[in-house]
Amino acid sequence: ANNDFKEDLTTKICFVVEMYAPSKQWHIDTLVKVLTLAGSYVPETVGNKLIALISQSEQVLQAYCVKVLWGVMATNAPLSNGTATLEGSEEDAIAYCKKETLL
C-alpha cells in the first residue's frame, strides 16, 4: 500500500506542477526534479508530457533542457531512458548547445 500511496502522491504533485507552473522553464525544472527524486513512482505519462513540453519550447529552452538532462543522465539511471529518447529526438537542440558551447 505504501508504494501505491507514493505513486498517487507523485501523480498529484505533477498535476499541480502542470496547473500552476509560472513558466515553461520552472515547469520543466520541477518535473525533472520530481522524476529524479521519485524515480519508479512517476507514471510514464509524466515523462511523455515532459518530452512534449520540451519539444514545443523555443530552441534556447530546448538547449537548456538538453544540458540539464545530460547532467541528470550521468548520475540518475532511472531517468536515463527518457532523456536518451529526448536527446535523440532533439538533434537541433544538441547542435545548438555545441555551437553555443553549452555542452
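Look above for the structure.
(A) The nonpolar core, seen in detail. Of all hydrophobic cores here, the largest spans 17 residues; its most connected members are I28, L31, V32, V42, V46, L50 and I54. Taken together, the elements giving at least two residues each to this core come down to helix 1 (2-20), helix 2 (24-38), helix 3 (44-55) and helix 4 (59-75). At six residues, the largest contribution of residues to this core is made by helix 2. Sequence-distant contacts of V42, defined by excluding residues within four places in its chain, comprise T10, V34 and L35.

(B) The arrangement of the packing of helix 2 against helix 3 in detail. Axis separation between helix 2 and helix 3 bottoms out at 11 Å; the angle between their running directions is 150 degrees. In terms of axis orientation, helix 2 runs roughly antiparallel to helix 3. Helix 3 is crossed by helix 2, and the crossing has left-handed handedness. Seen from helix 2, the contacting residues are K24, H27, I28, L31, V32 and L35; seen from helix 3, they are V46, L50, L53 and I54. Across the contact of helix 2 with helix 3, the residue classes break down as eight nonpolar, one polar and one charged.

Calculation criteria
Residues numbered from 1 in each chain as written. Predicted model: local features only at pLDDT ≥ 70, side-chain atom pairs only at ≥ 80, totals over all residues. Heavy atoms only, no water. Core = buried A, V, L, I, M, F, W, Y, C linked by side-chain atoms within 4.5 Å. Buried < 20%, exposed > 50% of the residue type's maximum accessible area, 1.4 Å probe, protein only. Helix = DSSP H or I, 4+ residues; strand = E, 2+ residues; numbered from the N terminus. Contact = heavy atoms within 4.5 Å. Axes fitted to C-alpha atoms, helices over the stretch in contact; angles between N-to-C directions. Parallel < 35°, antiparallel > 145°, perpendicular 65-115°, else oblique. Left-handed = near helix turned anticlockwise from the far one by under 90°. Nonpolar A, V, L, I, M, F, W, Y, C, P; charged D, E, K, R; others polar.

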